[in-house]
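# Structural features, examined
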Amino acid sequence: MARKLTLLILTLAASVHAQEKGGAKPASEPPPAPKMTAEGKKFVEGWLGTWTSSDTTYTMGAQKMQGSLKMTCESVSSGWGTLCKGVLNAAGMPPSELTFLMGWDIATGQAHMFELADTAEVHDHSGKWINDKSVSLVRQGRSLDGKMEKDDCTATWVSARELKLDCTGSQAGATVWTFTTTCRK
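Throughout what follows, the structure given in this document is the object of discussion. No experiment lies behind these values; they were computed from the predicted model shown.

About the criteria used
Residues numbered from 1 in each chain as written. Predicted model: local features only at pLDDT ≥ 70, side-chain atom pairs only at ≥ 80, totals over all residues. Heavy atoms only, no water. Helix = DSSP H or I, 4+ residues; strand = E, 2+ residues; numbered from the N terminus. Buried < 20%, exposed > 50% of the residue type's maximum accessible area, 1.4 Å probe, protein only. Contact = heavy atoms within 4.5 Å. Areas by Shrake-Rupley, 256 points an atom, 1.4 Å probe, with all protein chains shown as cover. Salt bridge = Lys/Arg side-chain N within 4 Å of Asp/Glu carboxyl O. Pairing = 2+ DSSP bridges. Phe/Tyr/Trp six-rings, centres within 6.5 Å; stacked < 30°, edge-to-face > 60°. Lys NZ or Arg CZ within 6 Å of the ring centre and 35° of its normal.

## As for the overall build of the chain
Within the chain one finds 2 helices and 10 strands. Taking all 185 residues of the chain together, 34% fall into the buried category. Considering only contacts within the chain whose residues lie at least 6 apart along the sequence, 35% involve residues at least 24 apart. As presented, the chain carries roughly 11500 Å² of accessible surface, and 59% of it is formed by carbon and sulfur atoms.

## Regarding the pattern of salt bridges
All chains considered together, the criterion is met by 3 salt bridges. Between Arg184 and Glu162 there is a salt bridge, and its shortest N-O distance comes to 3.7 Å. Residue Arg184 is located in strand E10 (residues 174–184), and its partner Glu162 is located in strand E9 (residues 162–171); the two are separated by 22 residues in the primary sequence. Taking the relative accessible area as the measure of exposure, Glu162 reaches 21% and is therefore partly exposed. Two residues, Asp166 and Lys164, come together in a salt bridge whose shortest N-O distance is 3.6 Å. With a relative accessible area of 29%, Asp166 lands in the partly exposed category. Since its relative accessible area comes to 30%, Lys164 is described here as partly exposed.

## Some thoughts on the pairing of strand E5 (residues 110–117)
Every regular strand shows the same layout, with side chains that alternate between the two sheet faces. On E5, burial follows the alternation: Ala111, Met113, Glu115 and Ala117 on one face are buried, whereas Gln110, His112, Phe114 and Leu116 on the facing-out side are not. Pairing of strand E4 (residues 96–105) with E5 involves 8 bridges; the strand directions are antiparallel. When the sheet's bridge partners are listed, Leu101 is paired in E5 with Phe114. Hairpin connection of E4 to E5: 4 residues between the antiparallel strands, including Gly109 at a positive phi of 70 degrees. As paired strands, E5 and strand E6 (residues 122–127) are joined by 6 bridges and run antiparallel to one another. Note that in E6 the partner of Met113 across the bridge is His125. The antiparallel pairing of E5 with E6 creates a hairpin that spans 4 residues between the two strands, and Ala120 there sits at a positive phi of about 75 degrees.

## Some thoughts on the packing of aromatic side chains
According to the stated counting rule, one finds 6 aromatic pairs in the structure shown. Each ring, one from Tyr58 and one from Trp177, has its centre 6.3 Å from the other, and the planes form 35 degrees; the classification is tilted. Residue Tyr58 is found in strand E1 (residues 49–60), and its partner Trp177 is found in strand E10; the two are separated by 119 residues along the sequence. Judged on exposure class, the residue Tyr58 and its partner Trp177 are both buried. In this arrangement the basic side chain of Lys42 is found over the ring face of Trp129, its NZ or CZ atom lying 4.6 Å from the centre.

This is the structure we're talking about:
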């Protein structure tokens, strides 16, 4: 038994010595975790909280609909994103459920607002800070009726407790809808 143990120890020692000679390196430390940029943190965290608005206006053609919006936004993915769930109530329309996922792409320095609504809309808006309070978020793609559309939304933090959203949808250079609201915590 002692002879087998000695043989095992010698075999393991020879194996370790061969690895050291062969250039095998010990496992290295994992790369450092990525760090959120200051502008990304400002965007992602700016949405956090419960937001309400009673001055929501949606205009499509000659039709102007007034209403309200309530959104609750919480941190997700260890602070790398914000998930917002909301309900839009507008005169002449049934209540509409909305979901937004906000994130910051540190590789491109761009904000993302992924939008999903029960109106069958699925949009990924992206953009950059245009000044110290406002982010421009643009989406280009097809509308539900198949036409090419550009949606341009500006989110402006008037203060830590007030957020203004101004959005315009255009097709072939002509405005087809607008959406404005001022939300407060």
